[in-house]
Amino acid sequence: MADVVLGIETSCDETSAAVLVGGRGVRSPELASLVILSQDVHQVFGGVVPELASRAHLAALPRVVDRALAEAGLGWSAVDAVAVTAGPGLVGALLVGVVYAKALAYTGGRALIGVNHLEGHLFAPAVEDPELGPPFVALLVSGGHTLLLDVPVWGRYRLLGATRDDAAGEAFDKVATLLGLGYPGGPEIERIAKHGDPARYTLPRPMRDEGFEFSFSGLKTSVLHAVRASGDLARDRPHLARGFQDAVLDVLVTKLERAVRATGYPTAVLGGGVACSRTLAALAAERLKGLARVAVASPRLNADNAAMIARAGWYRLGLGERSDWTLDARADLPLPGLEWPASPAHTPHPTSP
Ligand code: KG4
Ligand code: ZN
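What comes next is a walk through the structure. Counting restarts for each chain: residues are numbered from 1 in the order of the written sequence. The order in which chains are written sets their letters, starting at A; the order in which ligands are written sets their numbers, starting at 1. Only residues with pLDDT of at least 70 are given local features in this predicted model, and only at 80 or more are side-chain atom pairs given and counted; all residues enter the totals for whole chains, interfaces and linings. By convention in this description, side-chain values take in all heavy atoms of the structure and omit both hydrogens and water.

Comments concerning the side chain of asparagine 116
Point 1. Elements are defined by DSSP. Helices are runs of H or I of four residues or more, strands are runs of E of two residues or more, and each kind is numbered from the N terminus. Counting through the fold element by element, asparagine 116 comes out in strand S5 (residues 111–116).
Point 2. Of the polar contacts made by the side chain of asparagine 116, one reaches the backbone oxygen of leucine 333; its length is 3.3 Å.
Point 3. What asparagine 116 contacts, discounting residues up to four positions off in sequence, is Gly87, Pro88, Leu333, Pro334, Leu335 and Pro336. Any N or O atom pair separated by 3.5 Å or less is treated as a polar contact, with the protein-specific requirement of one donor-capable and one acceptor-capable atom, and with residues adjacent in sequence counted only for side-chain atom pairs. Contacts were defined at the residue level, with two residues in contact if any of their heavy atoms lie within 4.5 Å.

Quick look at the coordination of the zinc ion (ligand 2)
Point 1. Bound to the zinc ion (ligand 2) are the protein donor atoms His117 (NE2), His121 (NE2) and Asp304 (OD), situated 2.1 to 2.2 Å from the metal.
Point 2. As a motif over one chain, the donors of the zinc ion (ligand 2) read H-x3-H-x182-D. Of this pair, histidine 117 sits in helix H3 (residues 117–128) while aspartate 304 sits in the loop between helix H9 (299–302) and helix H10 (306–318), and the two are 187 residues apart along the sequence. Grouping residues by exposure puts histidine 117 and aspartate 304 together as buried. Each metal's donors are the N, O and S atoms found within 2.8 Å of it, except that Na, K and Ca use a 3.2 Å limit; water is left out, so coordination can look incomplete. The rule is simple: take the accessible area with a 1.4 Å probe, protein chains only, and divide by the maximum for that residue type; under 20% is buried, over 50% is exposed, in between is partly exposed.

Observations regarding the nonpolar core
Point 1. Residue types Ala, Val, Leu, Ile, Met, Phe, Trp, Tyr and Cys, when buried and joined through side-chain atoms within 4.5 Å, form a set referred to as a nonpolar core. Membership of the largest hydrophobic core comes to 45 residues, with the highest contact counts inside it found for Phe216, Phe244, Leu252, Leu256 and Leu270.
Point 2. Where this core is concerned, the elements lending two or more residues are strand S6 (136–141), helix H4 (168–178), helix H5 (185–193), helix H6 (217–230), helix H7 (233–263), strand S9 (267–271) and helix H8 (278–287).
Point 3. Counting residues per element, this core draws most heavily on H7, which supplies twelve residues.
Point 4. Judged by nonpolar contacts, the second largest core, of 41 residues, contains Val151, Ala295, Ala310 and Leu338.

Thoughts on the pairing of strand S2 (residues 14–21)
Within a regular beta strand, the side chains point alternately toward one face of the sheet and then the other, so they alternate between its two faces.
Point 1. Summarising burial for S2: seven of the eight residues are buried, a large majority.
Point 2. Direction of pairing for strand S1 (residues 4–9) relative to S2: antiparallel, over a ladder of six bridges. Across the sheet, the residue bridging to leucine 6 is valine 19, located in S2.
Point 3. What sits between S1 and S2 in their antiparallel hairpin is a turn of four residues.
Point 4. The pairing of S2 with strand S3 (residues 30–38) spans eight bridges and is antiparallel. Among the inter-strand pairings, glutamate 14 is bridged to a residue of S3, identified as serine 38. When DSSP finds at least two bridges between two strands, those strands are taken to pair.

Here we look at a nonpolar patch on the surface
Point 1. Side chains of Val91, Leu95 and Val99 sit close together on the surface and give an oily, nonpolar patch of about 230 Å² of accessible area.
Point 2. Note on placement: valine 99 falls in helix H2 (residues 91–108). Each patch is assembled from residues with relative accessible area greater than 30% and no salt bridge, linking like charges that lie within 9 Å and nonpolar side chains (Val, Leu, Ile, Met, Phe, Trp, Tyr) that lie within 5 Å. The Shrake-Rupley method, run with a 1.4 Å probe, gives the accessible areas here. Residue values count only the displayed protein chains as cover. Definition used for salt bridges: Asp or Glu carboxyl oxygen within 4 Å of a side-chain nitrogen of Lys or Arg.

Things to note about the pairing of S1
Point 1. For S1, a buried count of six out of six residues is recorded, marking the element as mostly surrounded by other parts of the structure.
Point 2. Side-chain alternation along S1 places Val4, Leu6 and Ile8 on one buried face and Val5, Gly7 and Glu9 on a second face that is also buried.
Point 3. Two elements, S1 and strand S4 (residues 81–87), share four bridges in a ladder whose sense is parallel. Looking across to S4, one finds that isoleucine 8 is bridged to valine 84.

A few points about the packing of aromatic side chains
Point 1. Aromatic pairing here means that ring centres of Phe, Tyr or Trp (its six-membered ring) are within 6.5 Å. Orientation follows from the plane angle: under 30 degrees is stacked, over 60 is edge-to-face, and everything else is tilted. A full pass over the atoms with the stated rule returns six aromatic pairs.
Point 2. Consider the rings of phenylalanine 123 and tyrosine 315, whose centres lie 5.3 Å apart with planes at 35°: the pair is tilted. Of this pair, phenylalanine 123 sits in helix H3 while tyrosine 315 sits in helix H10, and the two are 192 residues apart along the sequence. Across this residue pair, the class does not change: phenylalanine 123 and tyrosine 315 are buried.
Point 3. Relative to phenylalanine 216, the ring of phenylalanine 214 has its centre 6.1 Å away and its plane inclined at 20°; by these criteria the two rings are stacked.
Point 4. You can call phenylalanine 216 buried: its relative accessible area is 1%.
Point 5. A connected cluster of aromatic rings, assembled from ring pairs, spans Phe123, Phe136, Trp154 and Tyr315.
Point 6. One Lys or Arg, lysine 255, reaches over the ring of phenylalanine 214 and ends 5.6 Å from the middle of that ring. When the NZ atom of lysine or the CZ atom of arginine is within 6 Å of a ring's centre and also within 35 degrees of its normal, the charge is said to sit over that ring.

Spelled out as structure tokens, the structure:
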């Protein structure tokens, strides 16, 4: 068992490193440090520019890693293993982290473990809560994914439903653009929705009342029509943001509740960038009251970060898993242990946007 794990995350536009300190017989390791550098080069483009992301990771990663070690008060010799995001994500961005991690592991004779970014998001609440564990239902909502999972044990992920089109975070980002707000859109929409009248726009709740699948592209089109019909976007912006946010969160939480009732599990985990939304966490807690405990990490652990990668890596290292020097970055890396429904009516690929 590795005692000290260095985590590295570069799958999108955050350059991050973290140090976890475990030890023999320890059930859950302690987070000794976490450094996250959010790239701001993308802001003026209204979205992440892959080539710029790779370059920025390359420039920043060595310093981010050094800083994480310094904040943990540890030298290089203390590090037993390196856990790195190997996918899914932007392949050029991922490659920077993977190549750097391999070099660190090889030169120091350390263990190397490639981690799936989505499995990292699932482990995020466990970084802060050592008691957190399966069985649970997980709603994984980020810029690229919307997955509802039945997790009977760590490492076994039964897919209940995914999105047929846009991911939840992607819908927030696109609607933010329609409303003339900045990137990323989720936090901007949550901020201005606080000033919106919930009764002003009642937008459709796609697929809310059936099954576990999601669809957000029609809702986005409804916002587009409402923006065109508005005539005074400055006046209607907070109301539109509120109407949109209420619709998305209602769909997400209704399906989460359905999954909790179907499984009978005592815990529901929210993960991924959209789980940074305090409004989502509060709505889930309210609707699942008396039914299940809602576990959600603090926002810095729900946004892309290396602590969750180190934690998922720590789990895999504990199983005796290691990556070898052929470890490669994969844009569409499938979630390990993902199980598909027995007779799916429609099964979109869970790693496709
Ligand atoms: O997990 P993440 O940091 O990156 C990916 O792996 O995709 O998720 C980023 C997504 C963005 O789409 C962003 O708009 C969304 O998470 N997000 C939010 C909030 N904060 C971030 N969506 C809704 N409300 C928020 N407060
Ligand atoms: Zn993510």
